[in-house]
Amino acid sequence: MANNPAYIPFLLGIGIREMSIDPVYFVKTHESIGRTVISEAAAFAEELLSCNDIRSATERLKKGPGKKKRR
């Protein structure tokens, strides 16, 4: 998961601070970590974990942190 920048906010949001990353993905992952606000990542992770199914979690993941889901 850490090789995919889309997952970085979720991983940081659930408290993961050490990741094993393929060197090929290091730069993109490092940039994604640098753009992540931990408080937003925590709220984002909470939203993802409260999703009732994979489809809604995937849709929320695509929007990223800081972008509220439409109601």
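A brief structural summary. No experiment lies behind these values; they were computed from the predicted model shown.

**Notes on the nonpolar core**
Here is step 1: Of all hydrophobic cores here, the largest spans 11 residues; its members are Ala2, Ile8, Phe10, Leu11, Leu12, Phe44, Ala45, Leu48, Cys51, Ala57 and Leu61.
Here is step 2: Those elements that provide at least two residues to this core are helix H1 (8–13), helix H3 (38–50) and helix H4 (54–63).
Here is step 3: For this core, the element with the highest residue contribution is H1, accounting for 4 residues.
Here is step 4: Beyond its immediate stretch of four places on either side in the chain, Ala2 contacts Ile8, Leu11, Met19, Ser20, Ile21 and Thr29.

**Some details on the environment of Gly15**
Here is step 1: Relative to the assigned elements, Gly15 resides in the loop between H1 and helix H2 (26–35).
Here is step 2: Its relative accessible area of 45% is what places Gly15 among the partly exposed residues.

The rules behind each value
Residues numbered from 1 in each chain as written. Predicted model: local features only at pLDDT ≥ 70, side-chain atom pairs only at ≥ 80, totals over all residues. Heavy atoms only, no water. Core = buried A, V, L, I, M, F, W, Y, C linked by side-chain atoms within 4.5 Å. Buried < 20%, exposed > 50% of the residue type's maximum accessible area, 1.4 Å probe, protein only. Helix = DSSP H or I, 4+ residues; strand = E, 2+ residues; numbered from the N terminus. Contact = heavy atoms within 4.5 Å.

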